[in-house]
Number of protein chains: 2
Amino acid sequence: MASTPTAPLTPLPTLALPMAGAQEHERADAARNRRRLLDAAGRLVAERGVANVTMEAVAAAAEVGKGTVFRRFGDRAGLMNALINHTETDLQEAFLHGPPPLGPGGDPVERLVAFGHARLEMVDLHGEVLRAAESCAEKRLAHPTRGVHATHVASLLRDAGVSGDVQLLTDSLLATLDASLVWHQNHVLGMPLARIADGWTDLVHRVTRC
Amino acid sequence: MASTPTAPLTPLPTLALPMAGAQEHERADAARNRRRLLDAAGRLVAERGVANVTMEAVAAAAEVGKGTVFRRFGDRAGLMNALINHTETDLQEAFLHGPPPLGPGGDPVERLVAFGHARLEMVDLHGEVLRAAESCAEKRLAHPTRGVHATHVASLLRDAGVSGDVQLLTDSLLATLDASLVWHQNHVLGMPLARIADGWTDLVHRVTRC
DNA sequence: CACCAAACCGGACCGCGGTCCACTTGCATC
DNA sequence: GATGCAAGTGGACCGCGGTCCGGTTTGGTG
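Residues numbered from 1 in each chain as written. Chains lettered and ligands numbered in written order. Predicted model: local features only at pLDDT ≥ 70, side-chain atom pairs only at ≥ 80, totals over all residues. Heavy atoms only, no water.

Looking at an unreviewed UniProt entry, chain A carries the name Transcriptional regulator TetR family, with the source organism given as Patulibacter medicamentivorans.

1. What about the pattern of salt bridges?
Residue and element names in this part refer to chain B. As a reminder, the rule being used: Within this document, salt bridges are pairs made up of a side-chain nitrogen of Lys or Arg and a carboxyl oxygen of Asp or Glu, the two lying within 4 Å of each other. Strands are runs of DSSP state E lasting at least two residues, helices are runs of H or I lasting at least four, and both sets are numbered from the N terminus onward. Exposure is judged per residue with a 1.4 Å probe applied to protein chains only, and the accessible area is read against the type maximum: over 50% gives exposed, under 20% gives buried, and values in between give partly exposed.
Across all of its chains, the model carries 22 salt bridges over all chains by this definition. Between Asp 178 and Arg 140 there is a salt bridge, with its nearest N and O atoms 2.9 Å apart. In this pair, Asp 178 is assigned in the loop between α9 (166-176) and α10 (179-188) and Arg 140 in helix α7 (residues 137-140), connecting sequence segments 38 residues apart. Side by side, Asp 178 and Arg 140 carry an identical accessibility label, which is buried.

2. Considering the protein's contact with DNA strand C
This is how the line gets drawn: When at least one non-hydrogen atom of a residue lies within 4 Å of a molecule or strand, that residue is treated as near it. Here a polar contact means two N or O atoms within 3.5 Å. Within protein one must be a hydrogen donor candidate and the other an acceptor candidate, and residues neighboring in sequence count only if both atoms are side-chain atoms. Each residue gets one of three labels, nonpolar for Ala, Val, Leu, Ile, Met, Phe, Trp, Tyr, Cys and Pro, charged for Asp, Glu, Lys and Arg, and polar for the others, Gly among them.
Taken together, 20 residues surround DNA strand C, and among them Lys66(A), Arg76(A), Arg27(B), Asn33(B) and Gly67(B) come closest. Within the contact set of DNA strand C, a phosphate oxygen lies 3.2 Å away from a backbone nitrogen or oxygen of Ala28(A). Lys66(A) has a polar side-chain atom sitting 2.6 Å from a base oxygen of DNA strand C. Taken together, the elements giving at least two residues each to the surface near DNA strand C come down to α1 (28-48) and α3 (66-73) of chain A together with α1 (28-48) and α3 (66-73) of chain B. The element contributing the most residues to the surface near DNA strand C is α3(B), with five residues. Split by residue class, the surface near DNA strand C holds five nonpolar, five polar and ten charged.

3. Examining the interface of chain B and chain A
How we decide: In what follows, a contact means two residues having at least one pair of non-hydrogen atoms within 4.5 Å. Accessible area that two parts lose when put together, evaluated with a 1.4 Å probe and summed over both, is termed the buried area.
Listed as interface residues are 36 residues of chain B and, on the opposing side, 36 residues of chain A. Interface of chain B and chain A: buried area, both sides summed, is about 3000 Å²; carbon and sulfur atoms make up 55% of it. When the buried area of chain B at its contact with chain A is split by residue, Leu141(B), Leu168(B) and Arg206(B) rank highest and sum to 21% of it. The salt bridge partner of Arg195(A) is Asp165(B), with a shortest N-O separation of 2.6 Å. Taken together, the connections running from chain B to chain A amount to 14 residue pairs in polar contact (both at pLDDT 80 or more). When residues of the side of chain B that touches chain A are traced back to their parent elements, those giving at least two are α7, α9, α10 and α11 (193-208) of chain B.

Here is the structure:
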C-alpha cells in the first residue's frame, strides 16, 4: 500500500468471473504485452476479418514474439475469448445482478427468454469472433463461460417449475444458442435475427409449459 | 473488410460427394485405391483411435500417396464421413423406407422419438468418428447428411401438427443430437445413454405437445 | 494394336497452430 | 546499488492438414 503514484497503472478491468486469466501479480512487461496483443488482435480482426488473422500476424503486429501470444492466451480460441471477454462479462453481470427482465426478480420464463435474446444479440455483434472462440467442440462444452450459462439456465428452469431432466433440457436450450448454428441460420440461410429470436421465445415456452 | 488481398477461396475442383456411391465412371485404379484407403483408415482408427490417425499415416498404410487421400475424400472430415457412410445410409434407409416405428406408417411423434434413439445409438457406436466427421462447424451445418435429417425431422414435425417455426424447431432438435454434445454428455459428464435417450423422448413430447 | 486425352497418382511443398528452451528482464530483498 | 531468481520472452522448430504439378496409367477409339 506504499502507493506508487508514478505508476500509471490502468485499472485493467479484471475479469472477476471464471474466465481465462486470473492473473494475480502480473509483471509490468507482461501486462503491457497483453495490452499490445489484444489491441493488435482487435485491429487486425476489424480490418481483415477473423478468418484472415493468424497468430503470427497478431504477434508481429504487437511487435512481440509468437511464444508470448500462446503464453498469454493458451491458444487461438483463448485469444478470441479474451477479445470478447468484456462483452461476455457484461452479459453475465446483467443476468446475475442486473435489473429484470434479464436479472433476478422477474418471472423465470421471461428471464429465460431475455437471456436467449441477449445471447442472440451478442452473436449478432460478435458472431465471427465467437465462432472462432468456440471452434474447438472439445473445449467449448467444458469452457467456464458455458458452465456459467448452464448453471443460470438450469436455475431458471427449476424456478419455472419444470419437471424433468433439467440438465439435459439446459443442454438442448444452449445448443440452440450455439454461435455457429445461429450464425449459419442468419448468414447462410438468411434468416432474420428477429425470426430466430421469436423461435427462441417459442421454444422456451414449449419447454417450460409442462 | 471487403478488400481481401489474399484469396481465401478454395476452388475445390471436383470433390465428389463423399456420400452414397454415386461415383459415375471411376477408373479401376482409383476404385482400388479408395478401397485400400478406407480399409487402412478403418484399421488404423480401430487400433489407435481417431485422434491418433493422421492423413499421412492412412496414406502410408494404404501404400498410396498423400495427395490421393485428399483427392478421394476432400479432407479429413470427408474421410471420416466415408468411414461411417454405410451406417448412415442404413439409418436413412430405415427412417425413409423401413418399418415403423422408425419408418413411415407410424405416429409422427413416435417416429421422431425413434429417430433420435437411432441417432443416439449411432453416436454410441461411432462417436469418435462422427465427431471427427462433423468437426468443422462451418461445413457440418451445410452437409448433405444433415440436410436429409433436417428434411425428415421437419416433415415429422409438420405431420405431428406442430404450429410454429418448424425449421427452427428442427434445428434445435438436431442440435440436441449433435455428436460432440452427446459424446460429451456421455463420456465427460458420465451420463448414461439411457438417460440421454429419455431426455430426447421428453424433449420431443414437450416440443410437439403444443 | 497403336494412339491419345483425360483421369489419376505421389510426394515435395506450404502455412498455420502450437511447443520448447536458452536467454533476458522485472522485482523483492539485503 | 548489488544480487538472486521466478517470470517473462522470442524465435527456431515440429507435425499436420491441405495444395500443386510433372509424370504415369487407363480405357475408349480408329
